[in-house]
Amino acid sequence: MLARTEAEQLVSTVPTEPYIAGRWDSSHSVDTFDVIDPVTERRLTTVAAAGAHEVDEAVSHARSALDEGVWGRTDGSGRARLLNHLADLIEARSEEFATLESLDIGKPGFEPRAIDLPQTIQAFRYFAGWADKVEGRSIPTSPYMGRPTHSYTVREPVGVVAAITPWNSPTMIGAWKIAPALAAGCAVVLKPPEDAPLTSLLLASLVEEAGFPAGAFSVLPGRGAVTGHLLADHPGVDKISFTGSPETGYKVAVAAAKGFRRTTLELGGKSPQIVFEDADLDEAARGVAVGIFANQGEVCAAGSRILVARSVYDEFVERLVACARDIKVGDPFDEGTTMGALINARQLERVSEYITAGTDDGARLITGGGRPYSKGFFVEPTLFAEVDNSMTIARREIFGPVGAIISFDAESDAVAIANDSEYALAATLWTSDVSRAHVVARRVRAGAVAINGWAPLDPRLPWGGSKLSGQGRELGWAGIEANTEEKTVTAVLSYSPAK
Ligand code: NAD
């Protein structure tokens with residue numbers, strides 16, 4: 001891992017302009033934004049923001065790439081080759097990506113190396129595998145006016161896909177959108193998060209090096225309310241693949257509804273982690289701690305509601321508190337750091353307000369709750385006990401390292417509490433009873449349920465939620481379906497067999 005000073009020098013090698021149809025161009029940009037290091041609170045770089053001109057250009061080049069360009073004529077095996085080449089290029093420079101991800105977001109160095117980058121590379125390779133397997137079906141149909149018919153379906157690229165990503169894991173979540181869309185033959189316009197745009201800009205230079213034809217992929221850095229809004233609202237965009245907050249997801253859905261354009265919305269969560277009395281409590285405590293404290297709790301699937309069987313409550317909570325106190329909060333570039341800083345001052349304020357609300361509502365703060373350093377957007381790993389599911393800290397997504405511990409008596413109570421939420425993204429179950437695990441997995445309302453391990457990631461598994469957690473699925477075959485339109489072709493045959 002690079003030292004902090006070397007990492008900061010790396011930033012100067014990253015392009016800081018919109019990338020449109022194979023060109024880096026800020027000549028029409030009228031706005032810029034600063035990228036701030038969450039640890040030092042210093043400016044890392046300044047990026048030219050894309051405005052209406054760039055959005056128009058990127059969308060129209062994407063359309064031309066599909067209709068008249070080389071990209072539209074690149075078949076599945078050609079797309080697979082390009083995606084595999086891109087995966088190799090990312091792998092060769094994964095240290096740079098991981099370093100920039102730590103610097104930009106404040107996450108400890110081991111996380112991008114163990115999770116974000118391997119998952120990114122795997123997603124590109126996995127979808128390269130689908131690119132030449134996007135098949136239709138042959139469907140037997142009735143004769144038409146006495147003549148035989150031949151019917152089949154084909155899956156065609158949905159068209160121009162706008163991918164809008166959040167700051168918590170922009171490289172990996174970007175790959176989850178870009179890889180299936182390119183595999184399906186769509187052209188992609190990426191709007192990375194203004195708080196953490198660096199790896200998306202680096203990615204654009206590798207897309208170019210991989211040999212993707214101009215217009216297949218563009219990147220438009222900029223603020224959400226300006227660039228994001230212009231892109232989501234653009235009539236030339238056929239599909240919006242969005243990950244972010246429910247509030248912004250709603251705006252995106254309204255913009256898309258104007259043209260009945262397709263969306264995939266991956267929004268927030270308030271996911272339960274249920275610890276049954278028959279769980280291995282040591283293992284469960286370690287797993288639950290990862291579930292709420294990984295990536296500073298800035299994870300859509302964070303297991304922020306920790307439901308514990310009353311008969312093991314004290315034993316479990318003691319173990320979980322020990323895990324929380326073992327976490328070393330600090331500079332991601334310092335040896336031994338296991339939790340970094342929150343993304344920005346606004347997020348620190350928001351998390352601090354929720355911690356105050358927890359105490360005000362009568363929950364018992366059992367560890368953390370403070371700022372370990374006066375500089376940087378750090379907050380301690382925090383746990384509240386004696387939480388009632390109606391309290392603010394059990395209802396609202398905090399998006400920080402704050403766990404709310406709730407006790408339950410019967411299995412049915414655990415399921416009822418788990419499902420009593422506006423969100424339905426993920427759930428984790430800790431039990432040694434295999435049958436119980438599968439029965440409860442069916443009863444919990446969530447897009448993904450993990451048993452005895454927190455949210456194992458794999459691009460083969462569909463990902464998404466319902467209720468305020470969003471709609472649609474990314475990854476797996478669902479990722480291809482989400483980026484294709486199914487067309488039906490029926491031929492009325494004039495041929496009649498010789499008498
Ligand atoms: P956000 O909604 O503020 O921003 C997400 C993206 O949308 C950013 O790129 C932003 O610039 C853009 N944006 C903002 N306003 C826009 C507008 N009016 N039109 C179009 N785009 C706009 O979310 P965030 O703060 O970056 O991320 C945190 C949220 O994302 C949390 O709620 C979290 O749960 C959610 N999230 C969900 C998943 C998932 O897979 N379900 C994954 C990660 C994060």
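Here the structure is a predicted model, which means the values were calculated and not measured. The numbers attached to residues start from 1 for each chain and follow its sequence in the written order. Only residues with pLDDT of at least 70 get local features here, since the model is predicted, and only at 80 or more are side-chain atom pairs given and counted; chain-wide, interface and lining totals rely on the full set of residues. Based on all heavy atoms of the structure, the side-chain values leave hydrogens and waters out of the count.

(A) How the structure looks around the sheet that holds strand β22 (residues 484–492). Across the sheet, three strands lie side by side as β5-β6-β22; this open sheet has antiparallel pairing. Each edge of the sheet is formed by a strand with only one pairing partner; in this case those strands are β5 (138–139) and β22. The rule for pairing is simple: two strands pair if DSSP sees at least two bridges between them. Strands here are runs of E lasting at least two residues and helices are runs of H or I lasting at least four, both read from the DSSP assignment and numbered beginning at the N terminus. As paired strands, β5 and strand β6 (residues 149–157) are joined by two bridges and run antiparallel to one another. Looking at the pairing, Ile-139 lines up with Ser-151 of β6.

(B) Quick peek at helix α12 (residues 313–326). In a helix, the anticipated span is given by 1.5 Å times the number of residues less one. Given a rise of 1.5 Å per residue, 14 residues ought to cover 20 Å, and the 20 Å separating the end C-alpha atoms of α12 matches this to within 8%. Listing the buried residues of α12 in full gives Tyr-313, Phe-316, Val-317, Leu-320, Val-321, Cys-323 and Ala-324. Each buried residue of α12 sits inside an arc of 160 degrees when the element is viewed along its axis, so together they form one side. Within α12, the exposed residues directed more than 90 degrees away from the buried face are Asp-314, Glu-318, Arg-325 and Asp-326. Throughout, a contact is declared for two residues whenever any of their heavy atoms are within 4.5 Å. Taken together, the buried residues of α12 touch β12 (272–275), α11 (281–293), β13 (305–309), β14 (364–367), β15 (382–385) and β16 (402–408). Relative accessibility under 20% of the residue-type maximum defines a buried residue, over 50% an exposed one, and the middle range a partly exposed one, all with a 1.4 Å probe and only protein chains included. Picture the helix axis, draw a direction to every C-beta atom, and the arc is the one those directions span.

(C) Here's a closer look at the domain arrangement of the chain. Annotation of the chain at the domain level lists domain 1 (4–267 + 469–486) and domain 2 (272–451). Here the limits of each domain have been adopted from an automatic or database domain assignment. Computed from C-alpha coordinates alone, the two centres of domain 1 and domain 2 are separated by 31 Å. In this assembly, 26 residues from domain 1 lie in contact with 29 residues from domain 2. On the domain 1 side of the contact with domain 2, Glu-41, Trp-167 and Ser-469 bury the most area, a combined 26% of that side's loss. Salt bridges are counted wherever a side-chain nitrogen of Lys or Arg sits within 4 Å of a carboxyl oxygen of Asp or Glu. Between the two partners, domain 1 and domain 2, sit one salt bridge. The shortest N-O distance in the salt bridge between Arg-4 and Asp-331 comes to 2.7 Å. When grouped by side-chain class, the residues that make up the side of domain 1 that touches domain 2 number ten nonpolar, eight polar and eight charged. By convention, the term buried area covers the 1.4 Å-probe accessible surface removed from two parts as they join, with the contributions of both added. Throughout, the ten residues Ala, Val, Leu, Ile, Met, Phe, Trp, Tyr, Cys and Pro are labelled nonpolar, Asp, Glu, Lys and Arg are labelled charged, and all others, Gly among them, are labelled polar.

(D) Structural detail: the sheet that holds β12. Pairing within the open sheet is mixed, and its seven strands lie in the order β14-β15-β16-β13-β12-β18-β19. Of all the strands in the sheet, just β14 and β19 (448–451) have a single pairing partner and so form its edges. Shown here is a sheet whose adjacent strand axes are inclined to one another by a mean of 25 degrees, direction ignored. Here β14 pairs with β15 via three bridges, running antiparallel. By the bridge assignment for β15, Leu-365 is matched with Phe-384. In this analysis, axes come from line fits to C-alpha atoms, helices being fitted only over the stretch in contact, and the angle between any two N-to-C directions falls in the range 0 to 180 degrees. Against the sheet, helix α13 (residues 345–360) engages β15 and β16, with an angle of about 20 degrees to β15.

(E) Fine view of the pairing of β12. With burial as the criterion, each face of β12 is covered, one bearing Pro-272 and Ile-274 and the other bearing Gln-273 and Val-275. As paired strands, β12 and β13 are joined by four bridges and run parallel to one another. Residue Pro-272 lies in a different strand from β13, and its bridge partner there is Arg-305. Classification remark: right-handed applies to a crossover when, strands pointing away from the viewer, the course from the first strand over the helix to the second runs clockwise. This β-α-β element, β12 to α11 to β13, shows right-handed connectivity. Note: β12 against strand β18 (residues 426–430), three bridges, orientation parallel. Its bridge partner being in β18, Val-275 is matched across the sheet by Trp-430.

(F) Layout of the environment of Phe-316. Topologically, Phe-316 is positioned in helix α12. Judged by its relative accessible area of 0%, Phe-316 falls in the buried class. Between the C-alpha atom of Phe-316 and that of Ala-279, which follows or precedes it by 37 residues, the distance is 9.8 Å. Setting aside its immediate chain neighbours within four residues, Phe-316 contacts Val-275, Leu-281, Ala-284, Ala-285, Val-288, Ile-306 and Val-308.

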